[in-house]
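Architecture at a glance
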Amino acid sequence: MDVVFKKPHALTDAPLHYCPGCTHGIIHRLVAEVIDELGIEGETIGVASVGCSVMAYDYFNVDFVQAAHGRAPAVATGVKRSDPSKVVFTYQGDGDLAAIGTAETVHSAARRENITVIFVNNAIYGMTGGQMAPTTLPNMVTQTSPYGRNVEAVGYPIKVCELLSEVDGAAYLERVAVNNVANIRKAKAAIKKAFQNQLDGKGFSLVEVVSTCPTNWGLTPAKALEFVETDMLPYYPLGVYKDIYAEGGEK
Amino acid sequence: MGEKVLMKGNEAIAEAAIRAGCRHYFGYPITPQTEVAAYMSKRMPKIGGTFLQAESEIAAINMVIGVSSTGKRVMTSSSSPGISLKQEGISYLAGCDLPALVVNVERGGPGLGGIQPSQSDYWQATKAGGHGDYHNLVLAPASVQEMAALTIKGFELADKYGMVAMILADGTMGQMMEPVEIDDIEIKTVDKPWALTGTGMKREHNIVNSLYLKPDLLEIKNFERYEKYAAIERDEVMYEEYLMDDAEYCIVAFGISARVAKNAINAARAEGIKVGMLRPITLWPFPKDALLARADQCKAFISVEMSMGQMIEDVELAIKCKKPVYLCNRVGGMIPSPEEVLAKIKEVGGAN
């Protein structure tokens, strides 16, 4: 019998703990497929963050270190500086990367640290039960914005790709989504490019993946995917925000 | 080197770290430890090492975690307010059983405090400054030569036990110049099968982690760690005794306070007062047994500290409160004078 579909080798057999309909599973698979296709499993070291994806170290078949909340890019800097021949990536959520870890994010980009950052933006703190995140949309209801995010009182969401596009050191920034098959294919291409950039020594590459949280959004998985299209993407437009090596000049 | 050269304490730490095989340094500017970073920034690029000025002390300690998780020797240095910022990372190093050298060239506090020498981070250093049950190995140099020697010793102990070794110095130790000799040493390497080096598709993946969601497993990890700490308390205590054979009074002091106290002891001896000193070199593990062994012989103890009295509690515990313990202290960046210590010796002698 021909095998037409199988689990990537870079994923372990550990059952994922994610909620039904959560897109972490898809993103994990895309990262693992890229690791397989580039043939880098044996040289890759991952840095897990704090949040729903904290146990990524159990799911990927590569060496892993678990970092404190927001500090993954600093830990990754240490790992990469220790052995530049290794492929180093972080896997971080929006609270981790865009709130408590803002300084580490901006400065690892500024140093053009030769690492790959997978940034999963679902506009909420999932692990702690659905609090307002730095990327929570205006008027969006969360546990700590029960009347909707009032931008007058608590400020505006942070658009990470747009922010980092002004940082000279950042080499490649792209925002993708995983809410339909076409977008998933584009997301994989972006993730692959972000890893290939590191292999080519091109420096700091970040892929922002607009994701879902059906549990804390209070939506069915199908409705959550619709919410990405109707509410998330208008605020967080997809596309390449920076590519200093783009054909035809820097983008 | 192999010959005596005149160096600042901070520079001696940096050079000794390089001799100990440390090729990765991460720091952030703060007085009075700046010379460590300045020295590293000059030397590291020339020997294929990494000097990186991080965006914060928090980032620096997390870069240390990154390098340590790959199995290599690594260090950071700072001064009191910066060390407070590093406590989260130090707790993670403890929880991951990772080795690292952390240098604290103390200044006065709390808050922004001052930039003059202090010993008021004793509690933070010896009692787990971050969250959770853990210890650091804490080494207290009292000369520039010891700044170098204990840096090398610190790397060795950190590797041996898989934990943070902290050099607890102060602004005086960091800034003063003394002749120092740093020989080329044989680097004692430790096997680190847990290190993140990439699986090479030849082994199971290694995980460096401090998260245990199952409480029974986390309890076991804590129990195991404390078995390691018990072995350290048994095997790694370091101290120096000065004129203790016939002493009726015992001064306990470390670092620059011990240097000052030595002068006071000599002056007191000249006046016929039988006083000696026990100088802890390791503040954790604390020389409890050595102090207890002097408790019957001595009439009283004097803890000379540049804090409001932090180590004094460990002295009282060590001697099981068998004899009175007096505090002789200056704080805020002030250093006790030999005359002040002598006056205290006489005062205690008169009362006991």
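In the block above lies the structure referred to throughout.
Residues numbered from 1 in each chain as written. Chains lettered and ligands numbered in written order. Predicted model: local features only at pLDDT ≥ 70, side-chain atom pairs only at ≥ 80, totals over all residues. Heavy atoms only, no water.

On a plain count of helices and strands, chain B comes out with 12 helices and 15 strands. Computed over C-alpha atoms, the radius of gyration of chain B comes to 21 Å, within 12% of the 20 Å expected from 2.2 N^0.38 for 352 residues, which places it in the range of a compact globule. Projected onto the principal axes, the alpha-carbon positions of chain B cover approximately 75 × 50 × 40 Å. By the burial criterion, 58% of the 352 residues in chain B qualify as buried. By sequence separation, contacts in chain B at least 24 residues apart represent 79% of the contacts at least 6 residues apart. (Helix = DSSP H or I, 4+ residues; strand = E, 2+ residues; numbered from the N terminus. Rg over C-alpha atoms; globule rule 2.2 N^0.38 Å. Buried < 20%, exposed > 50% of the residue type's maximum accessible area, 1.4 Å probe, protein only. Contact = heavy atoms within 4.5 Å.)

Residues and elements named next belong to chain B. Running from N to C, helix α1 (residues 9-19) and helix α2 (residues 34-43) point in directions that differ by 40°, and their axes come no closer than 7 Å. As far as their axial angle goes, α2 and α1 are oblique. For the crossing formed where α1 meets α2, the hand is right-handed. Across the interface between the two elements, N10, E11, A14, E15, A17 and I18 from α1 touch T34, E35, V36, Y39, M40 and R43 from α2. (Axes fitted to C-alpha atoms, helices over the stretch in contact; angles between N-to-C directions. Parallel < 35°, antiparallel > 145°, perpendicular 65-115°, else oblique. Left-handed = near helix turned anticlockwise from the far one by under 90°.)

All names here are of chain B. In this chain, T31 is followed by P32 through a cis amide linkage whose omega measures 5°. Looking at where P32 falls in the secondary structure, it is placed in the loop between β2 (24-27) and α2. With an omega of 0°, the peptide bond running from G109 to P110 counts as cis. By the secondary structure assignment, P110 is in the loop between β5 (100-106) and α5 (122-126). Even without a glycine there, the phi angle at K320 is positive, about 55°.

With that settled, the discussion passes to helix α8 (residues 181-199) of chain A. Count 3.6 residues to each turn of an α-helix, and residues three or four apart come out pointing the same way. Residue and element names in this part refer to chain A. Across its 19 residues, α8 extends 27 Å between first and last C-alpha, which sits within 8% of the 27 Å expected from 1.5 Å per residue. Buried within α8 we find N183, A187, K188, A190, I191, A194, F195, N197 and Q198. For α8, the N-terminal cap is N180; the gap from its side-chain oxygen to the backbone nitrogen of A182 is 3.3 Å. A positive backbone phi angle near 70° is found at G201, which sits one or two residues after α8. (Expected span 1.5 Å × (residues − 1). Polar contact = N/O pair within 3.5 Å; in protein donor to acceptor, adjacent residues only side chain to side chain.)

This next bit is on the sheet that holds strand β9 (residues 239-243) of chain A. Hydrogen bonding along the main chain pairs the strands of a sheet, whether they run parallel or antiparallel. Across the sheet, which stays open at both edges, the eight strands sit in the order β9(A)-β7(A)-β8(A)-β4(A)-β3(A)-β1(A)-β2(A)-β9(B) with mixed pairing between neighbours. Edge positions in the sheet fall to β9 of chain A together with β9 (207-208) of chain B, since each of these pairs with one other strand and no more. Where strand β1 (residues 44-48) of chain A meets strand β3 (residues 87-93) of chain A, five bridges bridge the pair, whose relative direction is parallel. Looking across to β3 of chain A, one finds that A48 of chain A is bridged to Y91 of chain A. (Pairing = 2+ DSSP bridges.)

Our focus in this paragraph is the sheet that holds strand β15 (residues 325-329) of chain B. All names here are of chain B. If you walk across this open sheet you meet the five strands as β10-β12-β11-β14-β15, and the pairing is mixed. The open sheet has two edge strands, β10 (239-242) and β15, and neither has a second partner. Averaged over all pairs of adjacent strands, the angle between strand axes in this sheet comes to 20°, irrespective of strand direction. Here β10 pairs with strand β12 (residues 275-280) via four bridges, running antiparallel. Across the sheet, the residue bridging to E240 is R279, located in β12.

Residues and elements named next belong to chain B. By secondary structure assignment, the location of R73 is in the loop between α3 (57-69) and β4 (75-78). On the basis of relative accessibility, which here comes to 10%, the residue R73 falls in the buried class. Of the polar contacts made by the side chain of R73, one reaches the backbone oxygen of A20; its length is 2.7 Å. Among the polar contacts made by the side chain of R73, one reaches the side chain of D159 at a distance of 2.9 Å. Once residues lying within four places of it in the same chain are set aside, the contact partners of R73 are A20, G21, C22, R23, H24, V67, F155, E156, D159, I187 and K188.

This part covers the pairing of β3 of chain A. Residue and element names in this part refer to chain A. Most of β3 sits inside the fold, with seven of its seven residues counted as buried. Alternating residues of β3 divide into V87, F89, Y91 and G93 and V88, T90 and Q92, and every residue in both groups is buried. Alignment of β3 against strand β4 (residues 116-121), held across five bridges, turns out to be parallel. Bridged to Y91 within β4 is I118.

Once that is clear, we can look at the packing of aromatic side chains. All told, the structure shown has 12 aromatic pairs over all chains when counted by the stated rule. Pairing Y18 of chain A with Y59 of chain A gives two aromatic rings, centres 5.9 Å apart and planes at 65°, and the pair type is edge-to-face. Here Y18 of chain A, found in the segment before α1 (24-38), pairs with Y59 of chain A, found in helix α2 (residues 56-59); they are 41 residues apart in sequence, far enough to count as distant. In this structure, Y18 of chain A and Y59 of chain A share a single accessibility class: buried. Summarising the aromatic geometry, the rings of Y229 of chain B and W284 of chain B are spaced 5.5 Å apart at their centres and angled 75° between planes, so their arrangement reads as edge-to-face. Highlighted residues: Y229 of chain B in helix α8 (residues 215-235) and W284 of chain B in strand β13 (residues 282-284), separated in sequence by 55 residues. Across the pair, exposure class does not vary: Y229 of chain B and W284 of chain B are buried alike. Against the face of Y245 of chain A rests K202 of chain A, its NZ or CZ located 4.9 Å from the ring centre. Geometry around Y242 of chain B places K262 of chain B over its ring, the cationic atom sitting 4.9 Å from the centre. (Phe/Tyr/Trp six-rings, centres within 6.5 Å; stacked < 30°, edge-to-face > 60°. Lys NZ or Arg CZ within 6 Å of the ring centre and 35° of its normal.)

Everything listed here is a matter of geometry and, on its own, says nothing about what the molecule does.
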